[in-house]
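A look at the structure
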Amino acid sequence: MARAEKYRIQFISLDNHNCTLEFHFEGFTGSYTNLVAGPRPFVLQEFNSDEDLFKPIRPQLATMDILASSSGVTMDDFLVDKDSDVLVIFRYGNDNAPYWYGYLDQSDFTETWIDTNHVLTLRATEGLGQLQNFNITNNGTEITAKTTPLDFLKYATQKTVLGWNKHYIFNNLFHSSMTDSLNYSPLDQCKVDPKTFQIQSTEYEDSYTVINKVNRAFNQTMFQIQII
């Protein structure tokens with residue numbers, strides 16, 4: 001089903017840059033509606049409650065305020081069947097380039113009254129935390145052959161907001177048998193037996209756990225950004 005922009009918020013950042021916040025709804029057709037920004041229109045921070053400096057996965061959490069009393073919207077306007085039904089795009093800078101993508105978190109809405117103003121607060125993530133709900137597969141197909149760590153990471157993140165069309169790997173843990181020249185990494189020069197992540201005969205660990213194990217084994221951290 002097609003996805004289209006339903007709501008848009010435009011504001012100026014503290015460093016005087018033009019910003020646009022877009023909400024693209026699954027199955028929506030028509031033109032978007034401009035909303036009024038709240039006191040803190042968009043705050044992006046790392047979701048790391050345990051303050052682990054070496055955390056294998058570094059998801060980001062976006063908090064967005066909408067002045068609902070002036071925009072004519074309520075919490076119900078953002079309630080959908082599943083988190084991935086609403087794609088959030090944050091654009092930053094005078095070139096209006098995409099800076100961050102996320103999915104609207106359906107379990108984390110709040111509404112508050114500040115004087116006579118009704119503020120609706122929404123939150124969105126890249127979908128990394130939701131990977132705990134999905135066992136590792138290759139688009140639903142069981143992984144039976146020995147596979148590179150890089151491919152395991154790709155399989156594990158298939159349900160996140162960004163793909164692997166463009167990515168960077170910084171890792172120097174090369175074995176003496178590996179090639180360490182440009183465009184080579186340790187992640188695609190060795191293979192892991194899928195039984196490493198096997199719980200029972202046809203049941204495997206969840207994708208989030210697989211990412212954790214691969215990244216800890218290679219002493220690395222994974223995070224998602226929009227590369228221009």
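The structure this text deals with has already been given above.
Residues numbered from 1 in each chain as written. Predicted model: local features only at pLDDT ≥ 70, side-chain atom pairs only at ≥ 80, totals over all residues. Heavy atoms only, no water.

**Observations regarding helix α3 (residues 207–217)**
How we decide: Accessibility here uses a 1.4 Å probe with only protein chains present; expressed as a share of the type maximum, an area under 20% marks a residue as buried, one over 50% as exposed, and anything in between as partly exposed. Under the DSSP-based scheme used, a helix requires at least four consecutive residues in state H or I and a strand at least two consecutive residues in state E, with every element numbered from the N terminus. Polar contact is the term for a pair of N or O atoms within 3.5 Å; when the atoms are in protein, one must be able to donate a hydrogen and the other to accept it, and sequence-neighboring residues count only if both atoms are side-chain atoms.
Within α3, burial applies to Ser-207, Tyr-208, Val-210, Ile-211, Asn-212, Val-214 and Asn-215. Two or three places before Tyr-208, at the start of α3, stands the capping residue Asp-206, its side-chain oxygen 3.1 Å from that residue's backbone nitrogen. Just downstream of α3 lies Asn-219, where phi reads positive at about 55 degrees.

**Quick notes on the packing of aromatic side chains**
In plain terms, the rule: Between 30 and 60 degrees the pair is tilted, below 30 it is stacked and above 60 it is edge-to-face, where a pair is any two Phe, Tyr or Trp rings, Trp via its six-membered ring, whose centres lie within 6.5 Å.
Going through the model one piece at a time under the given rule, you end up with 12 aromatic pairs. Between Phe-11 and Phe-90 the ring centres are 6.4 Å apart and the planes differ by 20 degrees, which places this aromatic pair in the stacked class. Pair noted here: Phe-11 is in strand β1 (residues 3–12) and Phe-90 is in strand β6 (residues 86–92), with a separation of 79 residues, a long-range link. For Phe-11, a relative accessible area of 14% gives the class buried.

**Focus: the side chain of Ser-13**
Put simply, the test is: It only takes one pair of heavy atoms within 4.5 Å for two residues to be counted as in contact.
Residue placement: Ser-13 occurs in the loop between β1 and β2 (18–26). Residue classification places Ser-13 among the buried positions, given a relative accessible area of 15%. Residues contacting Ser-13, with those up to four places away along its chain left out, are Cys-19 and Tyr-92.

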